[in-house]
Amino acid sequence: MQNTVIRTHDLTKSYGDVMALDHLTMEIPEHSIVGFLGPNGAGKSTTIKLLLGLIHPTEGRAEIFGKDIQSESLEIRQRTGYLAQRPRFYSNLTARETLRFVARFFYDDPGQIESRVDESLKIVNLASKADRPIQGFSGGELQRLGIAQAQINHPEMLILDEPAAALDPMGRADVLNIMKRLRQVTTIFYSTHILDDVQRVSDRVVILNNGRLVTQGPIEELLLGEGDAVYDVELSGQRETTLERIQQLPWVSRVLVTAVNSHTRWSIAVKDEAHARQHLLRVILEDGDVQIIHYGRKQYELEEVFMNLVGEGS
């Protein structure tokens, strides 16, 4: 079983009558990439500040690495890397000088500092630009430098605030590839509004709305949707007899029929997925005149799921 890196219980933060975070309970396992989602004002930034010990909770508690976020905050931060949404650098320094400056907070040995700086530059693909002043860096290069700085101390967890928000598609792809490589050595907990990126690289999601937890868990489970399982079938040939037989199956709740060019698509909702996995395809194929073009369990897009969940929680 995976160890739990972050565990919160009824974590709450209020400012007077404003409830910024309302009794958040979540668990984040190690070596996962977790997309932390929610509309503006959902409580994501408040949660990150609480986890980093930058503000204190009104109620509830949280642990990171089994350490209390209030009484053991310093130890947590020594084992955590953080990238702010808009990282700031001294523009006259080079990338190497920037990382060397940060590394001195964690290492005393000059050789170890230089080794770690070189390693970090390679991880984010900035080795060829290591000795250039960063005032000439692109937005994507600055963001990669920010990730290098955040992980200079070999952190057990990275907290990234909108790591790819202002980047073009190439810059976003670079950042996502770095995140996928880093998951081998750390846990990544990152907030973002780019749902497509979350679907591409994350294995878990946490969704907030109005300061409250909407859902959390593995992304593949979320994309399957709630309620009846749905199988999409695209086919051609004689179909009426087959359709009638499927509609009469006791474990089929409904069938939606739509035309797709010269073919037909059935969206078959089933109440018993075990029966569907075992029998549905065989039932369809019993008519020899039917040709199946596509068959599979429907998966939803994260944006569709997100909008449904946030809409329900508003």
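Everything that follows concerns the structure shown earlier in this document.
Only a predicted model underlies this, so the values are computations on that prediction, with no experimental measurement involved.

Conventions adopted
- Per chain, residue numbering runs from 1 following the sequence as it is written.
- Reporting in this predicted model follows two pLDDT cut-offs: at least 70 for local features of residues, and 80 or more for side-chain atom pairs to be given and counted; totals over whole chains, interfaces and linings ignore these cut-offs and use all residues.
- No hydrogens and no water enter the side-chain calculation; it runs on all heavy atoms of the structure.
- Criterion used throughout: strands pair if DSSP finds at least two bridges between them.
- Secondary structure counts use DSSP, requiring at least four H or I residues in a row for a helix and at least two E residues in a row for a strand, with both numbered from the N terminus.
- To get an axis, fit a line to the C-alpha atoms, keeping to the stretch in contact for a helix; angles then go from 0 to 180 degrees between the N-to-C directions.
- Between two residues, a contact is recorded if the distance between any of their heavy atoms is within 4.5 Å.
- Take the buried Ala, Val, Leu, Ile, Met, Phe, Trp, Tyr and Cys residues and link them wherever side-chain atoms come within 4.5 Å; each set so joined is a nonpolar core.
- Exposed residues in this analysis have more than 50% of their type's maximum accessible area, buried residues have under 20%, and partly exposed residues fall in between, with area computed by a 1.4 Å probe over protein chains only.
- A pocket here means an open set of points on a 1 Å grid, computed over the protein atoms alone, that has protein on both sides within 12 Å along at least five of seven lines. A cavity is instead a set of points where a 1.4 Å probe fits but cannot get out; residues with an atom within 4 Å of a point line either one.
- Grid points are joined across faces, edges and corners, and a volume is the space filled by probe spheres set on the points.
- Gly is put with the polar residues, along with every residue not named as nonpolar or charged; the nonpolar set is Ala, Val, Leu, Ile, Met, Phe, Trp, Tyr, Cys and Pro, and the charged set is Asp, Glu, Lys and Arg.
- Polar contacts, as counted here, are pairs of nitrogen or oxygen atoms within 3.5 Å of one another; within protein the pair requires one atom able to donate a hydrogen and one able to accept it, and residues that are adjacent in sequence qualify only if both atoms are side-chain atoms.
- The salt bridge definition used is simple: a Lys or Arg side-chain nitrogen within 4 Å of an Asp or Glu carboxyl oxygen.

Novice: Explain the sheet that holds strand S9 (residues 204–209) to me, please; I cannot follow it from the model alone.
Specialist: Sheet strands associate in pairs through backbone hydrogen bonding, adopting either a parallel or an antiparallel arrangement. Reading across the sheet, the six strands line up as S6-S7-S8-S3-S9-S10 and stay open at both edges, with mixed pairing between neighbours. The open sheet has two edge strands with one neighbour each: strand S6 (80–83) and strand S10 (212–218). Averaged over all adjacent pairs, the angle separating strand axes in this sheet is 15°, with direction ignored. Relative to strand S8 (residues 187–191), strand S3 (residues 33–37) runs parallel, the two sharing four bridges. Bridge pairing in S8 links valine 34 to phenylalanine 189. Across the sheet, helix H1 (residues 44–51) lies against S3, S6, strand S7 (157–161), S8 and S9, angled at about 145° from S7, the strand it touches most. The sheet strands contacting helix H5 (residues 139–150) are S6 and S7, and the helix crosses S6 at an angle near 160°.

Novice: So what exactly am I meant to see when it comes to unusual backbone geometry here?
Specialist: Peptide bonds are mostly trans, and most non-glycine residues show a negative phi. Of note in the backbone geometry, histidine 31 takes a positive phi value of approximately 55° without being a glycine. Checked against the element boundaries, histidine 31 lands in the loop between strand S2 (18–29) and S3. Unusually for a residue other than glycine, glutamate 162 sits at a positive phi of about 50°. In this fold, glutamate 162 is placed in the loop between S7 and helix H6 (169–182).

Novice: Help me out: how do you make sense of the sheet that holds strand S12 (residues 252–260) in this one?
Specialist: If you trace the four strands from one edge of the open sheet to the other, you get S12-S13-S11-S14, paired in antiparallel fashion. Since the sheet does not close on itself, it has two edges, and those belong to S12 and strand S14 (291–297), each with one partner. In this sheet, adjacent strand axes meet at a mean angle of 15° when their direction is disregarded. With eight bridges connecting them, S12 and strand S13 (residues 263–270) associate as antiparallel partners. Across the sheet, residue leucine 256 finds its bridge partner in S13, namely serine 267. Running over the sheet, helix H9 (residues 240–247) touches S12 and S13 and is turned about 155° from S12.

Novice: Explain the nonpolar core to me, please; I cannot follow it from the model alone.
Specialist: Buried together is how nonpolar side chains tend to be arranged in soluble globular proteins. Leu37, Met179, Ile188, Tyr190 and Leu302 are the most contacted members of the largest nonpolar core, which totals 47 residues. When near neighbours in sequence (up to four residues on either side) are disregarded, tyrosine 190 contacts Ile33, Val34, Gly35, Phe36, Leu160, Pro163, Met179, Asp197, Val198, Val201 and Ser202. Residues Val5, Ile28, Leu50 and Phe65 belong to the second largest nonpolar core, which totals 25 residues.

Novice: Explain the layout of surface pockets to me, please; I cannot follow it from the model alone.
Specialist: Where empty space is left in the structure can be found by rolling a water-sized probe over the atoms. The calculated volume of the largest pocket comes to roughly 540 Å³. Lining the largest pocket are 23 residues, and of these Tyr82, Val102, Phe106, Gln149 and Ala150 lie nearest its centre. If one sorts the elements of the lining of the largest pocket by residue count, S6 sits on top with four residues. Lining of the second largest pocket is provided by 16 residues; of these, Gln85, Arg86, Pro87, Leu142 and Gln143 occupy positions nearest its centre. Considering only residue class, the lining of the second largest pocket consists of nine nonpolar, four polar and three charged.

Novice: I tried to follow the side chain of aspartate 197 on my own but got confused; where do I start?
Specialist: For aspartate 197, the position within the fold is in helix H7 (residues 195–201). Within the local environment of aspartate 197, its side chain forms a polar contact with the side chain of arginine 172, the two groups lying 2.7 Å apart. The residues contacting aspartate 197, other than those within four sequence positions of it, are Ala164, Arg172, Leu176, Tyr190 and Ser202.

Novice: Quick question: what am I supposed to make of the pairing of strand S1 (residues 4–15) here?
Specialist: Residues in a regular strand point their side chains to alternate faces of the sheet. The sheet contact formed by S1 and S2 spans eight bridges and is antiparallel. Bridging across to S2, lysine 13 finds its partner in leucine 21. Of the strand pairs in this sheet, S1 and strand S4 (residues 59–64) are connected by five bridges, and their pairing is antiparallel. Among the inter-strand pairings, threonine 12 is bridged to a residue of S4, identified as glutamate 59.

Novice: So what exactly am I meant to see when it comes to the pattern of salt bridges here?
Specialist: Between side chains of opposite charge, a pair can form when the charged atoms approach closely. What the rule picks out here adds up to 18 salt bridges. Where glutamate 75 meets arginine 79, a salt bridge forms, and the shortest distance between an N and an O atom there is 3.7 Å. Residues arginine 79 and glutamate 156 are paired through a salt bridge, measuring 2.7 Å at the closest nitrogen-oxygen approach. You can see arginine 79 sitting in the loop between helix H2 (73–78) and S6 and its partner glutamate 156 sitting in the loop between H5 and S7, a full 77 residues away along the chain. A relative accessible area of 23% places arginine 79 in the partly exposed class. Through salt bridges that share partners, Lys67, Glu75, Arg79 and Glu156 make up one connected network.

Keep in mind these numbers describe shape, not what the thing actually does.
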